[in-house]
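Chain by chain, the residues:
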Amino acid sequence: MVGNDQIREKGGNLSIPLYVRVQTAAAGRVAKEQALYGKASLEQAIANWQESSQRLRSSMDGLLKMLEGIDNRQ
């Protein structure tokens, strides 16, 4: 994002190359490393989600069995 002052400095020209810099090798390396920053927490979040999904399935199975038992009594 650029501010109005920067646009005025360029005579109101909104040509993208005036505002976007070419990525350097160092910036590319940092970008690749940043992709790994959240990897462990993402993997843990997925594992937690899978575990909670299994607990929910078990709980729902128990609830359905209980409801079937109630329905059979009537």
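Since this is a predicted model, take the numbers as computed values, not measurements.

Procedures and definitions
Residues numbered from 1 in each chain as written. Predicted model: local features only at pLDDT ≥ 70, side-chain atom pairs only at ≥ 80, totals over all residues. Heavy atoms only, no water. Helix = DSSP H or I, 4+ residues; strand = E, 2+ residues; numbered from the N terminus. Buried < 20%, exposed > 50% of the residue type's maximum accessible area, 1.4 Å probe, protein only. Areas by Shrake-Rupley, 256 points an atom, 1.4 Å probe, with all protein chains shown as cover. pLDDT = per-residue confidence, 0-100.

**Student:** Can you tell me about the overall build of the chain, naming the residues and giving the values?
**Tutor:** When helices and strands are tallied, the chain shows 3 helices and 0 strands. Going from N to C terminus, the chain has its helices and strands arranged as α-α-α. Counting only residues that meet the buried cut, the chain has 4% of its 74 residues in that class. Of the accessible surface of the chain, which amounts to about 7000 Å², a share of 57% is contributed by carbon and sulfur atoms.

**Student:** Can you explain the confidence of the model for the chain? Please cite residues and give values.
**Tutor:** Taken over all residues, the pLDDT of the chain has a mean of 81, while the share at 70 or more is 70%. Ranking the elements of the chain by mean pLDDT puts helix α2 (residues 25–37) last with 63 and helix α1 (residues 4–9) first with 90.

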